[in-house]
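Letter by letter, the chains look like this.
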Amino acid sequence: MGEWRYADKIQACHYVFNQDGTFKGEVVYHAKLISKFTGRWSVDGDTLFYTYISDALDRIPAGATDRDNLLSVQREFFIIKAADGSKRKYLRIR
């Protein structure tokens, strides 16, 4: 749970995971907001699951699902292996 951010030279991702299993977030790609979404999240073993409820920019359809492999979870950061094989380190921001 908490508020988390990942950024590299191309994109930035911001998530807020709530205790009640909901989340919200946004993705900025080449300095342009491309997705602003809400959904439900859960963890099973080392997998983080997402089910999207809405996307204000209509990029992700309602009901779409995604999953990331959790490689490390610490108090101030977590590292995932995304579906495309890339690794991303999210830092706690609050």
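The preceding data block contains the structure.
Given the structure is predicted, the values throughout are model-derived calculations rather than measurements. (Residues numbered from 1 in each chain as written. Predicted model: local features only at pLDDT ≥ 70, side-chain atom pairs only at ≥ 80, totals over all residues. Heavy atoms only, no water.)

Draft legend 1. Examining the overall build of the chain more closely. The number of helices and strands found in the chain is zero helices and eight strands. The order of helices and strands in the chain, counted from the N terminus, is β-β-β-β-β-β-β-β. On C-alpha atoms alone, the chain measures out to a radius of gyration of 13 Å, which is about the 12 Å that the 2.2 N^0.38 rule sets for 94 residues. Counting only C-alpha atoms, the chain reaches 30 × 30 × 25 Å along its principal axes. (Helix = DSSP H or I, 4+ residues; strand = E, 2+ residues; numbered from the N terminus. Rg over C-alpha atoms; globule rule 2.2 N^0.38 Å.)

Draft legend 2. Spotlight on the packing of aromatic side chains. Counted under the stated rule, the structure contains 17 aromatic pairs. One aromatic cluster is present, built from ring pairs that chain together Trp4, Tyr6, Tyr15, Phe17, Phe23, Phe37, Trp41, Tyr50, Tyr52, Phe78 and Tyr90. One residue, Arg88, lies across the ring of Tyr6, its end atom 5.9 Å from the ring centre. (Phe/Tyr/Trp six-rings, centres within 6.5 Å; stacked < 30°, edge-to-face > 60°. Lys NZ or Arg CZ within 6 Å of the ring centre and 35° of its normal.)

Draft legend 3. Highlighting the pattern of salt bridges. Scanning the model with the defined rule gives two salt bridges in all. Close ionic contact of Arg75 with Glu76 constitutes a salt bridge, the shortest N to O distance being 3.9 Å. We classify Glu76 as partly exposed; its relative accessible area is 44%. Two residues, Asp84 and Arg88, come together in a salt bridge whose shortest N-O distance is 3.6 Å. (Salt bridge = Lys/Arg side-chain N within 4 Å of Asp/Glu carboxyl O. Buried < 20%, exposed > 50% of the residue type's maximum accessible area, 1.4 Å probe, protein only.)

Draft legend 4. Up close: the environment of Tyr90. Along the chain, Tyr90 falls in strand β8 (residues 87-92). Spatially, the C-alpha atom of Tyr90 lies 18 Å from that of Ser35, the residues being 55 residues apart in sequence. Among residues more than four places away in sequence, those in contact with Tyr90 are Trp4, Arg5, Tyr6, Cys13, Tyr15, Glu76, Phe77, Phe78 and Ile80. (Contact = heavy atoms within 4.5 Å.)

Taken by themselves, the reported measurements are silent on function.
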